[in-house]
Amino acid sequence: MRGFADSPTLQTLAVMGVVFVVQQVLQLVGLMSFFFVLSPSFLVRPWSLVTSVYAHANLAHLLGNALVLLPVGLAIESFTSRVRYHAFFVTTGVIAGLSQVFLTGSGVLGASAAIFALLGYLVTGNPVSNSVLDRLGLNRRVQLVVFGVLAVLVTVFTGSPGVALVAHFTGFLLGLVSGRLGLLGTNKPRHRTQVTNRPPGY
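Residues numbered from 1 in each chain as written. Predicted model: local features only at pLDDT ≥ 70, side-chain atom pairs only at ≥ 80, totals over all residues. Heavy atoms only, no water.

Let's shift gears to the confidence of the model for the protein chain. Taken as a whole, the protein chain shows an average pLDDT of 86; of its residues, 88% reach a score of 70 or greater. Here residues 187-202 is a poorly scored stretch, pLDDT under 50, and it has 3 contacts once near neighbours within four places are set aside; other chains count. (pLDDT = per-residue confidence, 0-100. Contact = heavy atoms within 4.5 Å.)

Turning next to the packing of helix α1 (residues 8-28) against helix α5 (residues 82-104). At a closest axis distance of 10 Å, the pairing of α1 and α5 adopts a crossing angle of 45°. Here α1 is positioned oblique relative to α5, judged by the angle of their axes. Handedness of the crossing formed by α1 with α5: right-handed. Listed contacts from α5 to Pro8, Thr9, Gln11 and Thr12 of α1 are Arg82, Tyr85, His86 and Phe89. (Axes fitted to C-alpha atoms, helices over the stretch in contact; angles between N-to-C directions. Helix = DSSP H or I, 4+ residues; strand = E, 2+ residues; numbered from the N terminus. Parallel < 35°, antiparallel > 145°, perpendicular 65-115°, else oblique. Left-handed = near helix turned anticlockwise from the far one by under 90°.)

Further remarks concern the nonpolar core. Counting residues in hydrophobic clusters, the biggest one holds 34 residues, and the most contacted among them are Leu38, Leu69, Phe89 and Leu118. Put simply, the parts of the chain that give this core at least two residues each are α1, α2 (32-36), α3 (48-54), α4 (59-77), α5 and α6 (112-124). Not counting chain neighbours up to four residues away, the residues in contact with Leu38 comprise Ser48, Leu49, Ser52, Gly97, Leu98, Val101, Ser106, Gly107 and Val108. Judged by nonpolar contacts, the second largest core, of 8 residues, contains Phe116, Leu133, Phe172 and Leu176. (Core = buried A, V, L, I, M, F, W, Y, C linked by side-chain atoms within 4.5 Å. Buried < 20%, exposed > 50% of the residue type's maximum accessible area, 1.4 Å probe, protein only.)

Turning next to α1. Residues spaced three or four apart along an α-helix point in a common direction, a consequence of the helix completing one turn every 3.6 residues. The end-to-end C-alpha distance of α1 is 31 Å, a good match for the 30 Å that 21 residues give at a rise of 1.5 Å each. If you check which residues of α1 are buried, you get Pro8, Thr9, Gln11, Thr12, Met16, Val19, Phe20, Gln23 and Leu26. Close packing links the buried residues of α1 with α2, α3, α4 and α5. Where α1 ends, the next residue or the one after it, Gly30, has phi of about 75°, a positive value. (Expected span 1.5 Å × (residues − 1).)

Our focus in this paragraph is the environment of Thr12. Along the chain, Thr12 turns up in helix α1. We classify Thr12 as buried; its relative accessible area is 1%. Along the backbone, Thr12 and Ala66 are 54 residues apart, and their C-alpha atoms lie at a distance of 9.3 Å.

By secondary structure assignment, the location of Leu49 is in helix α3. Separated by 60 residues in the primary sequence, Leu49 and Leu109 place their C-alpha atoms 9.4 Å from one another. Setting aside anything within four residues of it in sequence, one finds Leu49 in contact with Leu38, Phe42, Val94 and Leu98.

In this model α5 runs 33 Å from its N-terminal to its C-terminal C-alpha over 23 residues, within 8% of the 33 Å that 1.5 Å per residue would give. Of the positions making up α5, those classed as buried are Tyr85, Phe88, Phe89, Thr92, Gly93, Val94, Ala96, Gly97, Leu98, Ser99, Gln100 and Val101. Packed against the buried residues of α5 are α1, α3, α4, α6 and α9 (165-181). Following α5 by one or two positions, Gly105 has its phi on the positive side, about 75°.

Here it is, written out as structure tokens:
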């Protein structure tokens, strides 16, 4: 596992923790929702597009997301860069949050939709899935339909009262499509190659 300076997963977990502490302070003065909940009034509070992705309703919400993010995030960061990882996490989280707001009119906060996007990426962005899909010869429209059905099934089976189902569905679908397109892939090696005067094999 990478150290903190190189691990976008550990960095994301740290940001989530700091944000949660700030939320508790602002909750005391009634400003938590103003700064961290993405709601239909986001145009007058544009910062909530990003802050809502890292905020959580309570400690259980935070810990639950952290436990899922750790293994999924570590797997993703093994083949992508920090910039791509963070950009993907924020972008999918924002899009998923907006879908929840637009389709339900309710407010939303939490990293689960972005985590669902990372999970979806793992499902379709691995060599085995790519090989199977290539052999099936499905066109992109059919693949999108298949991904949509899979996203619905995952959302339903992981849903519970109070959960932002639309955001989860959107995040997972974005991850499935992104994984198929290989958006996070990078050809850059994770570690620098050391040059020595030793012959090969040492």
